[in-house]
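Close look at the chain arrangement
Next come the chains, spelled out residue by residue.
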Amino acid sequence: MNGGESRQHSASPIFHQGRHDSAALDRDLRLDLCRGLAVWCIFLDHIPNNVFSWLTLRHYGFSDATEVFMFVSGVTCALSYSDVRRRDGWTSVVAHTLLRSWEIYAAFLILTVTLAMVVYGWGSDRLADQTNVKVLLQNPGAALSYAAILMYRPVNTDALPTFVLFHLSFAPVLWGILKFPNASLLFSALIYVLVQLYGWNLPEWPTNQWYFNPLAWQFLVVIGAWWATRGYRMLSQIIVARPVVVLAIAYIGFSLVVALSWEIAPLAAAIPDYIERLIYPIDKPDLDPLRLLHFLAIAIVVARFVPTNWRGFGMVVLKGAIRCGECSLETYCAAVVLSLLADLYLIKVSDSIAAQFVVSAAGIAALALFATSITWISKRSRRHPKLL
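Throughout what follows, the structure given in this document is the object of discussion.

Thresholds applied
Here the residue numbering is sequential within each chain, running from 1 through the sequence in written order. Predicted model: local features are reported for residues with pLDDT of at least 70 only, side-chain atom pairs are reported and counted for 80 or more only, and whole-chain, interface and lining totals are derived from all residues. Heavy atoms from the whole structure form the basis of all side-chain values; hydrogens and water molecules are not counted. Secondary structure elements are defined from DSSP: runs of H or I of at least 4 residues count as helices, runs of E of at least 2 residues count as strands, and each element is numbered from the N terminus. Using a 1.4 Å probe on the protein chains alone, a residue whose accessible area is under 20% of its type maximum counts as buried, one over 50% counts as exposed, and one in between counts as partly exposed. Polar contact is defined as a pair of N or O atoms within 3.5 Å, subject to the rule that within protein one atom must be able to donate a hydrogen and the other to accept it, and that residues adjacent in sequence are counted only when both atoms are side-chain atoms. Only heavy atoms matter for contacts: two residues are in contact if any of them lie within 4.5 Å across the pair. In these notes, a set of buried Ala, Val, Leu, Ile, Met, Phe, Trp, Tyr and Cys residues joined through side-chain atoms within 4.5 Å is what counts as a nonpolar core. The rule for a salt bridge is simple: a side-chain nitrogen of Lys or Arg has to be within 4 Å of a carboxyl oxygen of Asp or Glu.

Mapped onto the elements, Gln 218 comes out in helix α10 (residues 214–239). For Gln 218, a relative accessible area of 14% gives the class buried. Within the structure, Gln 218 has its side chain in polar contact with the backbone oxygen of Leu 215 (distance 3.0 Å). When residues no more than four places from it in sequence are discounted, the contact partners of Gln 218 are Phe 166, Ser 188, Ile 191 and Tyr 192.

Printed below as a string of structure tokens:
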């Protein structure tokens, strides 16, 4: 859900291993691939009791697809808006961020209404509770009013309001990162630490707080932006050094064991009590430090072992994921709707393993086709003048 103009950004330096590859692609496909795979993971994870969600990150460590989205968005926004600044100045940067905020805001409202219509059409009270649209169906005026100010959202739409705020604030954030990069990163880290200490968050209607606390998750976005504009020059050699990679792999292994212990009883019994007291609870809304470290460890391993010109990018399956990553906002919204329709199918028709495979595979294929169609339409539409 990055800035729409990021489709023109130059090759990202994010994963360069201390040198500029003369054969580097015009666009770092690893960014789009990671984001596209994250969309697929989100789709599979949002189908309740789906055995094929075991193909996603969620079951194998502390972090999941959300961290991928946040970090990559920080990287691509910094690259895209930095290009806009160099070409057209800060006024254009502000205009671009406001436009993208509006696009995400409109997508959120449309998605909210769409989910309510789907649930209403099926007439399921259980599903209305499960998706948090019952209050919208019972009191549409109040619910839509609070949705308009980002204080109400159905289940699985939580990331969009957070991205609205990130884009609204990204112009001053980028100014700070370009002007005072290390100080800006430290200030962002300070806010993150204060959230961990005092639990700061924003209120939600009718109860609770924001699921993706923007005061916490902003740190991962800022890390991505800082890395893309400054950090890679300072640390690109260090993060792919053998000791750092070994530590990253070790932490990923530790996270894997703990995450599997949540599902496998013998492993749970093997986790010492003092470790459980030390690490639990691993909080997602406030981006627990263990989640943050796990994602950074994965990023280090990817940086070390997946080059920018990896031949695997030509695989048909990965091309579909890359297309989804290029159209991340559209495919994210489609994934939320498709996961709800898949859940309805499993409830009304069959919840067998075969049925779960069919809806999972069909949903991913539909997302890839949808993203490919959007890319084709976008390229074709650029050849003609806007009529309105």
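Next comes the rest of the description.
Turning our attention to the nonpolar core. Counting residues in hydrophobic clusters, the biggest one holds 109 residues, and the most contacted among them are Tyr 152, Leu 160, Phe 170, Trp 217, Leu 220 and Leu 367. The leading source of residues in this core is α10, at 13 residues. Each residue touching Leu 220, except ones within four places of it in the same chain, is listed here: Glu 67, Met 70, Phe 71, Leu 287, Leu 292 and Phe 295.

On to the pattern of salt bridges, then. This structure, assessed with the given rule, holds 11 salt bridges. A salt bridge links Arg 291 to Glu 67; the nearest nitrogen and oxygen atoms lie 2.8 Å apart. Of this pair, Arg 291 sits in helix α14 (residues 289–305) while Glu 67 sits in helix α2 (residues 65–88), placing them 224 residues apart in sequence. Overall, Arg 291 belongs to the buried group, its relative accessible area being 6%.

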